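Observations on the model geometry
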Amino acid sequence: MSAVADAEAARGVIAGSAIRTPLVRLNVADAPAEIYLKLENLQPIGSFKIRGAANAIGHLSKEELRRGVVTASAGNMAQGVAWCARALGIPCTVVAPDTAAETKIRAIERLGGRVLRVTFEEWWRAFEERAYPGIDATFIHAFDDPRVMAGNGTIGLEILEDLPGVEAVVIPWGGGGLACGIASVIREQRPACRIYAAELETAAPLTPSLAAGHPVTIQPRPSFVDGIGGKTVFPRMFDLARKLLDGALVAEVAQVSSAIRLLVERNRIVAEGAGACALACALTGQAGAGKIVCIVSGGNIDLARLREILQ
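Computed from a predicted structure; not experimentally measured.

**Brief notes about helix H4 (residues 76-88)**
End to end, H4 covers 19 Å across 13 residues, agreeing with the expected 18 Å (1.5 Å per residue, within 8%). Taken together, the buried positions of H4 are Asn76, Met77, Ala78, Gln79, Gly80, Val81, Ala82, Cys84 and Ala85. Residues of H4 that are buried make contact with helix H2 (49-58), strand E3 (69-72), strand E4 (92-97), helix H5 (102-110) and helix H7 (146-162). Among the residues trailing H4, glycine 89 stands out with phi positive, at a value near 70°.

Structure below.
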């Protein structure tokens, strides 16, 4: 099947969990481009992750469901998996880094997920091994999974339907499942569209990896932007990125804070750091001119942090 066909099939699977989010114009007259916002922060869990989680879990067998599910996540994928698990009445375990935002941890627990706080290295190892010691459950990978990417690809279908003349799309890069899922659909239906990954300066492994021609390892520096960034790019995701993307753009932490504030002031939209990263990049002009869609991937920001940014 093609990427478009996979995404179309995913639409039916996720219909009861994810909503079709609006595409709205950024209310800034002097922006360097005609910028539109794809508001995934309005999903029931406040993040696009419910799309991929619902599609992946929707394809599990009865035996796989009986064992329950486990995922590794800093917060948003965990909420997507926990949301779906609660709806199905199955157990959900989340392996989270000890740096995860308390706002997201509390949200996971409200949804019935059991959270294991571990070191960053143990958390990253769970991604690599697709399992966690002592947990006998079906692992749902946050990004390196065709069904997760097909679920994310439904965003690409909606963008093309709502803005057929789109000239560029800027997508936050965490593990790559969102960027590659959307890009695979848009490349198939509108190959001339420019597609960029958006990274944060303190944790941007894709940019040096693309420059080197192979995945490289970096040392991420902590910041309030916890939904994107990592120490390296998984090989399969790197291969997809190199094939599907026109490049990676990088935003500074201060630029992301400014973008969060601008979204609140001009559009009354609350975005988390990762959710504002694409806009931060577009506002610098890095994505060029024309009709540009920025994916506002999530809105699960700690309220104390939001208050600090707004002040």
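**Looking at the nonpolar core**
Val169, Trp173, Met237, Val293 and Ile295 are the most contacted members of the largest nonpolar core, which has 79 residues in total. Element by element, the count of residues in this core is highest for helix H8 (residues 177-189), at seven residues. For isoleucine 295, the residues in contact, after removing those within four places along its chain, are Lys38, Glu40, Ile155, Ile159, Val169, Val170, Ile171, Pro172, Leu178, Ile182, Gly275 and Ala278. In this structure, Leu26, Ala168, Val225 and Val256 belong to the second largest nonpolar core, which totals 40 residues.

**Structural notes on the sheet that holds strand E2 (residues 34-39)**
Sheets are built from strands paired through backbone hydrogen bonds, the pairs being either parallel or antiparallel. Reading across from one edge, E1-E2-E10-E7-E8-E9 is the order of the six strands in this open sheet, with mixed pairing throughout. Looking at which strands have only one partner, the edges of the open sheet turn out to be strand E1 (23-25) and strand E9 (247-251). The average angle at which neighbouring strand axes cross in this sheet is 30°, direction not considered. For strand E8 (residues 194-200) and E9, the ladder comprises five bridges, and the chain directions are parallel. Looking across to E9, one finds that alanine 197 is bridged to alanine 248.

**Considering the pairing of strand E5 (residues 114-118)**
With five bridges connecting them, E4 and E5 associate as parallel partners. Looking at E5, one finds that valine 94 is bridged to valine 115. One crossover worth recording links E4 to the parallel E5 by way of H5, and it is right-handed.

What counts and what doesn't
- Residues numbered from 1 in each chain as written.
- Predicted model: local features only at pLDDT ≥ 70, side-chain atom pairs only at ≥ 80, totals over all residues.
- Heavy atoms only, no water.
- Helix = DSSP H or I, 4+ residues; strand = E, 2+ residues; numbered from the N terminus.
- Expected span 1.5 Å × (residues − 1).
- Buried < 20%, exposed > 50% of the residue type's maximum accessible area, 1.4 Å probe, protein only.
- Contact = heavy atoms within 4.5 Å.
- Core = buried A, V, L, I, M, F, W, Y, C linked by side-chain atoms within 4.5 Å.
- Pairing = 2+ DSSP bridges.
- Axes fitted to C-alpha atoms, helices over the stretch in contact; angles between N-to-C directions.
- Right-handed = clockwise from strand over helix to strand, strands pointing away.

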